[in-house]
Amino acid sequence: MTANDLSLPEPSLPTLQRLNATIPADLDAKAVAKAWFSVFARTAEAGNAQDVAKLFVNDGYWRDMLALTWDFRTFSGLSKITQFLADRLGSARPTAFALRDDAYLGLQRPYPDIAWINLFFDFETSAGIAFGIARLIPNANGEWKAHTVYTNLEDIKGFPEKIGPLRDANPNHGKWVDDRKREVEFVDRSPVVLIVGGGQSGLEVAARLKALDVPTLVVEKNQRIGDNWRNRYNALCLHDPVWYDHMPYLPFPPTWPVYAPAPKLANWLENYAETLELNVWTSSTVVKATQDGDSWNVRISRGDGSERAINANHIVFATGLGGNDGTFPKYPGMNSFKGQILHSTRHKSAADHLGKKVVVVGACTSAHDICADYYAHGIDVTMYQRSSTYIMSATSGWKVLMEGVYSEGGLPTDIADRVTASFPHHFNVGLSQRSTKAIAELDKDLLDALRARGFKVNSGIQGTGFGFLVWSRAGGYYLDTGASQLIADGKIKLKAGSSIESFTETGLKFEDGSELSADVVIFATGLSDSRAHIRKIVSEEVFKSLKPIWGLDPEGELNGIWRDLGVKGLWSMLGNLALCRFHSKHIALQIKAMEEGVFGERYSANF
């Protein structure tokens, strides 16, 4: 896949010039917001879809996460918003609207030519407690209308999280150890939810479910929690900053480094599971899961050789994007190569290949990390780049994309998550194109040096940088933390411009006739289908009923994860730490609502 394979809608930013509007010098933004919200609340409570829709511009958006649709939906354009409201206001019954008169209420100028009035609000539905964000833009006649409304389910009525004032208040004298053993082993009951995978995604869902008093078991194949990070290549380090990565209920301490090394994060995950008293079976694998009416019969192989059969209402697959199974391109002559061939998922340390010549096939995150590690160990390493890569330095990129949101002194994490989610992905196309240009200007010297070396760079899908590469394929980019300069300086050697024709006994032969000698060839060429682990556990009939996982649907929402997967009781949870933090609650709320009998009808799209 190239950077241009995904087709995105043409950007239509609400610039003042396009709107033929100006911002009055004496604008009272709070008064405008309060007047708009008063009509919005009154008409929404009355179930009057037409009158609510009149408060929007023609090309506006309404993004809903569970609050009104029990699904993840984005409605773009006045006709779709109106139809959605006509279909859902009656059944969702939104009420108790309250405008937040806080520091976030007021005029915002993300760019000199873009202005909107931002407002936060709370409301309730027939089943839940909800939160919303609206952005109002000026019209040529001076009227302010909604360009974007975002609504999010926060809690289920009558079933709050058992945190803060609702935590366990009873003293425990001498019983805690035995109680925990019985709880972990599910001695006299079965879990309601079984989570396959004990990485950050599995643990964060388990933490959310525990706070909602839903009995949950995490089954992890590795010997220790955190081994999914601990056992990868030694040079692995997060490229996302700490302010973006906090976990539910237990944020990282203020001494935590901006970019956490993988072994440090691994230890944190182990501590997280222990501190939050999550029920985890390590060295265990799910052998088979069979539908039994509305539940699942599951066989689990334990580390001691025993097997346990349990019955669960829900199975959450939290086995990672691609399940950590690498994809290998096939080339003639691979069997005759006298050196070593391995995938990056099986690579551990550059120190394993001292004195060898190494070729790394691939030019995205893992390839850069591994090449930099080989260089640091004094090993002759060449990166083979098959296609262009989006490069963004972490220093420049995060300053442009996250400053004031996920940064030191930025927004509280819960607010930052909701602000980020409130921008529909398709609306983000225009904003991403602007930020990508700004980052490229800051990174100009580095990008020019890479091009001069022969490294092929691109600006992402339709010039949107790395964001839509993440949503479309979770790859194709490198957030530079130092390896790009090593390539520019020639310290990491580069081969590009010709396809691999075959392996030889001593290396690689390319279609342009050139050859590259190698003792070790590492393929950093991506991971397999995220559904592969599910297929190993469920029947083929069930597997064929699953929806796709990852990639954007026509509304700009991610397929399959955190939402209906196509088979009752099966869920997919994956993503980086930030996505897992926010959306783990969405899965937990859906499961809790189903278990308590208050889950409504999904208002899903038919694509």
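Thresholds, definitions, all that
- Residues numbered from 1 in each chain as written.
- Predicted model: local features only at pLDDT ≥ 70, side-chain atom pairs only at ≥ 80, totals over all residues.
- Heavy atoms only, no water.
- Helix = DSSP H or I, 4+ residues; strand = E, 2+ residues; numbered from the N terminus.
- Buried < 20%, exposed > 50% of the residue type's maximum accessible area, 1.4 Å probe, protein only.
- Contact = heavy atoms within 4.5 Å.
- Areas by Shrake-Rupley, 256 points an atom, 1.4 Å probe, with all protein chains shown as cover.
- Lys, Arg positive; Asp, Glu negative; His and termini not counted.
- Charge placed at Lys NZ, Arg CZ, Asp CG, Glu CD.
- Phe/Tyr/Trp six-rings, centres within 6.5 Å; stacked < 30°, edge-to-face > 60°.
- Lys NZ or Arg CZ within 6 Å of the ring centre and 35° of its normal.
- Pairing = 2+ DSSP bridges.
- Axes fitted to C-alpha atoms, helices over the stretch in contact; angles between N-to-C directions.

Trainee: Can you explain the overall build of the protein? Please cite residues and give values.
Mentor: Secondary structure assignment for the protein yields 19 helices and 26 strands. In terms of principal-axis extent, the alpha carbons of the protein reach across some 75 × 65 × 50 Å. Counting every position in the protein, which comprises 607 residues, the buried fraction comes to 53%. Counted over contacts in the protein with a minimum sequence separation of 6, partners at least 24 positions apart contribute 67%. For the protein, the accessible surface area stands at approximately 25,600 Å², while carbon and sulfur atoms represent 49% of it. Each charge class in the protein was averaged separately, 64 positive and 69 negative side chains, and the resulting centres sit 2 Å apart.

Trainee: Can you explain the packing of aromatic side chains? Please cite residues and give values.
Mentor: Aromatic ring pairs are defined here through the distance separating the ring centres and the angle between the ring planes. Taken as a whole and assessed by the stated rule, the structure comprises 36 aromatic pairs. Measuring from ring centre to ring centre gives 6.1 Å for Phe-75 and Tyr-603, while their planes differ by 40 degrees; the resulting arrangement is tilted. You can see Phe-75 sitting in strand E2 (residues 72-76) and its partner Tyr-603 sitting in the segment after helix H19 (577-595), a full 528 residues away along the chain. When the centroid spacing of 5.1 Å and the interplanar angle of 5 degrees are considered together, the rings of Phe-97 and Phe-123 count as stacked. A residue pair is termed long-range when its members are at least 10 positions apart, and Phe-97 in strand E3 (residues 95-99) and Phe-123 in strand E5 (residues 114-124) qualify at 26 residues. Ring pairs connect the aromatic residues Trp-36, Phe-37, Phe-40, Phe-56, Trp-62, Phe-75, Phe-84, Phe-97, Phe-121, Phe-123 and Tyr-603, which therefore count as one cluster. If you follow Arg-135 out to its NZ or CZ, it ends over the ring of Phe-423, 3.8 Å from the centre. In this arrangement the basic side chain of Lys-264 is found over the ring face of Trp-256, its NZ or CZ atom lying 4.5 Å from the centre.

Trainee: Describe in detail the sheet that holds strand E24 (residues 515-517), supporting the description with residues and values.
Mentor: Read from one edge of the open sheet, three strands run E22-E23-E24, paired in antiparallel fashion. Looking at strand neighbours, the two that pair on one side only are strand E22 (500-503) and E24, the edges of this open sheet. The sheet shows a mean angle of 20 degrees between the axes of neighbouring strands, direction not considered. Examined bridge by bridge, strand E23 (residues 507-510) and E24 share three bridges and lie antiparallel to one another. Looking at the pairing, Gly-507 lines up with Ser-517 of E24.

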